[in-house]
Amino acid sequence: PPQVPCLKAVAPPMYLAKDEKLPLALSLSFGLQHMLAMCVGIATSGGMLHANEACWSFRYDSELCDRQSFLVSCSWLASGLLTIIQVFRLRIVGTPYSIGTGLVSVMGTSFTFLPMGQAMITNYIEDAKATGDPRCLPNMPYKDTDTLVTDCQGVGVEAYGKFLGTAAVASLFEILIALTFNKKIVREKMFPPVVVGMAVLMIGGALISGGMKYFGGGVFCAQNMLSRSASFGGPQICNESGEVMLAFGAGQYWGLGLSVVLMGILIQMLGSPYLKSTFLFWSMMFGCLVSAIATYKDPATGETLGYWTDTRISNAPVFTFFWSEIQFTPGFAIEYFLPLLICSFITTAETIGDVKMTAKFSKVTDEAEIIARQQGGVLADGVNSIIACLCGSPPN
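Here's what I pulled together on the structure shown here.

### What about the packing of helix 6 (residues 172-179) against helix 16 (residues 367-390)?
Reasoning step 1: Between helix 6 and helix 16, the shortest axis-to-axis distance is 8 Å and the interhelical angle comes to 160°. Judged on the interaxial angle alone, helix 16 and helix 6 are roughly antiparallel. As helix 6 runs across helix 16, the sense of the crossing is left-handed. In contact with L172, E174, I175, I177 and A178 of helix 6, helix 16 contributes Q375, V378, L379, D381, G382, V383, S385 and I386.
Reasoning step 2: Split by residue class, the contact of helix 6 with helix 16 holds 8 nonpolar, 3 polar and 2 charged.

### Let's talk about the packing of aromatic side chains
Reasoning step 1: For the structure shown, the criterion picks out 12 aromatic pairs.
Reasoning step 2: Ring geometry for F215 against W254: centres 4.7 Å apart, planes inclined by 50°, an arrangement best described as tilted. Of this pair, F215 sits in helix 8 (residues 193-216) while W254 sits in helix 11 (residues 251-270); the two residues are 39 residues apart in sequence, bridging distant segments of the chain.
Reasoning step 3: Of the residues examined, F215 reaches a relative accessible area of 15% and is grouped as buried.
Reasoning step 4: Classification of W254 as partly exposed rests on a relative accessible area of 33%.
Reasoning step 5: Measuring from ring centre to ring centre gives 4.7 Å for F281 and W282, while their planes differ by 75°; the resulting arrangement is edge-to-face.
Reasoning step 6: Judged by its relative accessible area of 14%, F281 is buried.
Reasoning step 7: Put simply, the rings of Y160, F163 and F328 touch in pairs and so form one group of aromatic residues.

### A look at the nonpolar core
Reasoning step 1: Counting residues in each nonpolar core, the largest one holds 37 residues, and the members touching the most others are L64, I121, Y160, F163, F328, Y336 and L340.
Reasoning step 2: In terms of residue count, helix 5 (residues 155-170) provides more of this core than any other element does, 9 residues in total.
Reasoning step 3: The contact partners of I121, leaving out residues within four places of it in the chain, are H50, E53, A54, L64, G156, A159 and Y160.
Reasoning step 4: In terms of nonpolar packing, the next biggest core, distinct from the first, is built from 17 residues, A178, V186, A349 and V378 among them.

### With respect to the state of the cysteines
A covalent bond bridging the sulfur atoms of two cysteines is what the word disulfide describes.
Reasoning step 1: All chains considered together, the criterion is met by 3 disulfides.
Reasoning step 2: Bridging C136 to C152, the disulfide has an S-S length of 2.1 Å. Looking along the S-S bond of the C136-C152 disulfide, the torsion reads about 105°, which is the right-handed sense. Placement of the pair is C136 in strand 5 (residues 136-141) and C152 in strand 6 (residues 148-152), with a sequence separation of 16 residues. Neither residue differs from the other here; C136 and C152 are each classed as buried.
Reasoning step 3: What connects to what in the protein chain, once the bonded cysteines are numbered by sequence position, is 1-2, 3-4, 5-6.
Reasoning step 4: Not engaged in a disulfide, the cysteine C389 finds its nearest cysteine sulfur in C391; these two sulfurs lie 9.3 Å apart.
Reasoning step 5: Between C391, a free cysteine, and C74, which holds the nearest cysteine sulfur, the sulfur-to-sulfur gap is 7.8 Å.

Calculation rules
- Residues numbered from 1 in each chain as written.
- Predicted model: local features only at pLDDT ≥ 70, side-chain atom pairs only at ≥ 80, totals over all residues.
- Heavy atoms only, no water.
- Axes fitted to C-alpha atoms, helices over the stretch in contact; angles between N-to-C directions.
- Helix = DSSP H or I, 4+ residues; strand = E, 2+ residues; numbered from the N terminus.
- Parallel < 35°, antiparallel > 145°, perpendicular 65-115°, else oblique.
- Left-handed = near helix turned anticlockwise from the far one by under 90°.
- Contact = heavy atoms within 4.5 Å.
- Nonpolar A, V, L, I, M, F, W, Y, C, P; charged D, E, K, R; others polar.
- Phe/Tyr/Trp six-rings, centres within 6.5 Å; stacked < 30°, edge-to-face > 60°.
- Buried < 20%, exposed > 50% of the residue type's maximum accessible area, 1.4 Å probe, protein only.
- Core = buried A, V, L, I, M, F, W, Y, C linked by side-chain atoms within 4.5 Å.
- Disulfide = S-S within 2.5 Å.

Here's what the structure looks like:
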């Protein structure tokens, strides 16, 4: 970690063995840090960007668009519950197999499947409009405005259901790999170290890319910045920071992001081993504090705007659960099966690499035990992905 040359060296962050006992406060800090670090990513890939494809005025399905928050809730619920299966390793009686890694392997919706889900929703709605599907009703109100658009009610919901069903079938590939993972030919020919290593490297690259998008104002406006400029001649406005809506890359967004980064660097330079191990938590809390205090004065209206609003919380139900608001009927789209099968192969490689690195930093050194935990991790990932799809969440 970075170190101030003139100060006494501080002990590095703690690396804890698999079965090492931890005080309750320390365990809670580590768990909360993991949860906060993953929360936004799960929301984004778990439903926010899927449902958003049905929220455009030119491509609208009110049934799916209005359930955006519900999809996020399903993804959070599924990721939390399925993490229990992955973390608590269970031996399958009468077999050499296990399910779960028994390590700190937190489940979350996979960004790998996101582009395919978005493409299916987009294509189904556009095809329905082009072919005159009776579900596409003209002159319908767009969200809460007076604008009238064509509302393809239920088409996006059908597309999302077929995405979930096809992805669940593709996830059977992971289960097959897990059941044959003890064979050397599967490990060395299908998933050699160079492939698994590149998968882990690409995970890091994708996280950096996602971080830069959030740094500039949000994933949606980052991904649509160039297309918006080319089509309409203006920047894409970000709407993920409360009342403040600025163009992607605005200095205000960078300032908030830098407050988190600089606090993290400061903790790594001066903090104790405990603070260094939980620096993400403290950095994010500092960023939240800064964003809660900071305001933005709109130069056009002179109005003072805040980065926090309680609109979504106020509109959200007190309690929700899978299938409580809408049921996505699982379907199967043969034309999308091969791309989703490739996605499943990629997530299998990611899982194998993730478990190996987690085992390394958990001080698990026996190669046979690492292979056994990789098998359990891949099996749990396949089973969990199928369960997630049945619960209305994209694969984990």
